[in-house]
Amino acid sequence: MSVLIVGLSHRSAPVATLERAAVGGDLLGKLLRDVFEAEPVAGTFVVSTCNRVEVYAEVDKFHAGLSSISDLLARHSGIPLAELTRHLYVHYEDRAVQHLLTVAAGLDSMVVGESQILGQVRQAIAQAREQGTLSRALDGLGTLALRTAKRAHAETGIDRAGANLVTVGVGLAAARLRPGSRTFPDPDRPLAGLKVLVVGAGSMSSLAVTTAHRLGAASIAVTNRTPEKAQRLADSVSGSTATFGDLPAALAGADLVISCTGAAGLVITADMAAQALRLRAGHVGGEAGTRPLVLLDLALPHDVDRDAAGLPGVSVLGLDSLEDAGLAAAAAQAGDVAAVRAIVAEELAARVSARHAARVSPTVIALRAKAAEVVEAELDRLTGRLRTLDERAKAEISLAMQRVAQKLLHAPTVRVKELAGSPGGDSYEAALRVLFDLDQDAVDSVTRADADLTLGGAG
């Protein structure tokens, strides 16, 4: 069995294609089950975020697995396979493991180093476990990915700036809200004096509320289809709530709107934005109608009607607007990126080494078993010839013989595990079998026992 990844992300597909391919909620559960039921697949989990959809699978056949997963992605997204294939990437075996470690560590994100992906990978693994689609091998791989990501955040400064989609988006929005200003009154508080409305109450909305508060927003209002959720989120920063059913009025009172609901259709239409502008113009002072309004859309599929950008004073910033800013942030963190890549390489090398060592373990176990048989036979022969030996003497002789056997076998067995991952590593294991005249059936019996133990544990 081998690990296979089939997916698309902001690096391989435009946002419009990612929106069509995005899966969540019940649809994600159905995709998990359909992939798991495919004939070549023994286990799977799916990472679906605002800038990637990736299927991770344990398969016994590469081409059959690739074909099945690609067909299912096309079917679930409604994108014709010929069109979807242009945007898909495929990773297999060690390259697949390396990709997952890189993703979990935040190196493949639109904003390099963001930590939200760590929680998203953890959630994807947990969901697959709940659905019963997570194999033992993929569970172990997930544990490795999460450990690697935690090391990256603990041992490097990859996330020291706290950069994420929200902070990058707010930075762009603040520049639109203060046109002509080269600097902010307070660089650490770019939202000082500005009113923020957050639409939604999920994890990304929670991050938006926290970030807006940290960056100095004068006021924060939250609106959501479920008022109780909006209230809880607003209370966390001593903010207020707005009525979801009257979004134009809520928009009219905001300078910056951050929307991230995960809804299937548009949440903020161009007509709503136009109504908000009219409400502003009707306020005493008149100036409110020309005040800039920025709609920061972090949802996939998008929440905000792109036609709203044609209204006077209205700017719409979507995920596609953030990529260049994310690249600039990555360039500024080149040293930390290199350090995280070194951690990924180290963890990958350790896994590869352990896997090769495990491959030769049956031969090593068979060799030690044969040595134990030889020691036992010689002890029986010695006891038969020296009948006057007492039990204490027998025990001392037995221990000495076992130590001699263990010391003689230690170096070759350790060395063959080390060499197993080198070019021609299989030949060292074969040489061990030939030099010590090991019975291949004995080696195979150890392999079968390991497989039976694994299958029994997985059930």
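Residues numbered from 1 in each chain as written. Predicted model: local features only at pLDDT ≥ 70, side-chain atom pairs only at ≥ 80, totals over all residues. Heavy atoms only, no water.

Points about the overall build of the protein chain
Step number 1: When its secondary structure is counted, the protein chain shows 17 helices and ten strands.
Step number 2: Expressed as a percentage of its 459 residues, the buried residues of the protein chain come to 47%.
Step number 3: Restricting to contacts in the protein chain with at least 6 residues of sequence separation, those with at least 24 account for 71%.
Step number 4: When the accessible area of the protein chain is evaluated, it comes to approximately 22,300 Å², of which 54% is carbon and sulfur surface. (Helix = DSSP H or I, 4+ residues; strand = E, 2+ residues; numbered from the N terminus. Buried < 20%, exposed > 50% of the residue type's maximum accessible area, 1.4 Å probe, protein only. Contact = heavy atoms within 4.5 Å. Areas by Shrake-Rupley, 256 points an atom, 1.4 Å probe, with all protein chains shown as cover.)

Considerations on the pattern of salt bridges
Step number 1: Enumeration according to the criterion identifies 15 salt bridges in this entry.
Step number 2: Each of R147, R151, E155, E346 and E347 takes part in salt bridges that share partners, so that together they form one network. (Salt bridge = Lys/Arg side-chain N within 4 Å of Asp/Glu carboxyl O.)

Quick notes on the sheet that holds strand 2 (residues 41-49)
Step number 1: Taken in spatial order, the four strands of this open sheet run 2-3-1-4, and their pairing is antiparallel. The sheet is open, and its two edges are formed by strand 2 and strand 4 (89-92), each paired on a single side. On average, adjacent strands in this sheet sit at an angle of 15° to one another, irrespective of strand direction.
Step number 2: Each of strand 2 and strand 3 (52-59) is contacted by helix 6 (residues 116-131), which is oriented at about 145° to strand 2, the strand it contacts most. (Pairing = 2+ DSSP bridges. Axes fitted to C-alpha atoms, helices over the stretch in contact; angles between N-to-C directions.)

So, the sheet that holds strand 7 (residues 240-241)
Step number 1: Taken in spatial order, the six strands make up an open sheet running 7-6-5-8-9-10, and their pairing is parallel. The sheet terminates laterally at strand 7 and strand 10 (314-317), the two strands that pair on one side only.
Step number 2: In this sheet, strand 9 (residues 293-297) lies alongside strand 8 (residues 256-259) in parallel orientation, the contact comprising four bridges. Across the sheet, residue I258 finds its bridge partner in strand 9, namely L296.

Digging into the confidence of the model for the protein chain
Step number 1: Per-residue pLDDT for the protein chain has a mean of 85; in total, 87% of the residues score no lower than 70.
Step number 2: In the predicted structure, residues 449-459 sits below a pLDDT of 50 and forms three contacts with residues beyond four places in sequence or in another chain. (pLDDT = per-residue confidence, 0-100.)

A closer look at helix 10 (residues 227-235)
Step number 1: Every buried residue of helix 10 is accounted for by A230, L233 and A234. Along the long axis of helix 10, the arc covered by the buried residues comes to 100°, so they all point the same way.
Step number 2: For helix 10, the secondary structure elements touched by its buried residues are helix 9 (203-214), strand 6 (219-223) and strand 7. (Arc of directions from axis to C-beta.)

What about the packing of helix 6 against helix 7 (residues 136-155)?
Each pair of packed helices can be described by the angle between their axes along with the distance between the axes.
Step number 1: Running from N to C, helix 6 and helix 7 cross one another at 165°; their axes reach a closest spacing of 10 Å. With respect to helix 7, the element helix 6 is oriented roughly antiparallel. At the point where helix 6 passes helix 7, the crossing takes the left-handed sense. In this structure, helix 6 contributes L118, V121, R122, I125 and R129 to the contact, and helix 7 contributes D139, G142, L146, A149, K150 and H153.
Step number 2: Grouping the constituent residues of the contact of helix 6 with helix 7 by class yields five nonpolar, two polar and four charged. (Parallel < 35°, antiparallel > 145°, perpendicular 65-115°, else oblique. Left-handed = near helix turned anticlockwise from the far one by under 90°. Nonpolar A, V, L, I, M, F, W, Y, C, P; charged D, E, K, R; others polar.)

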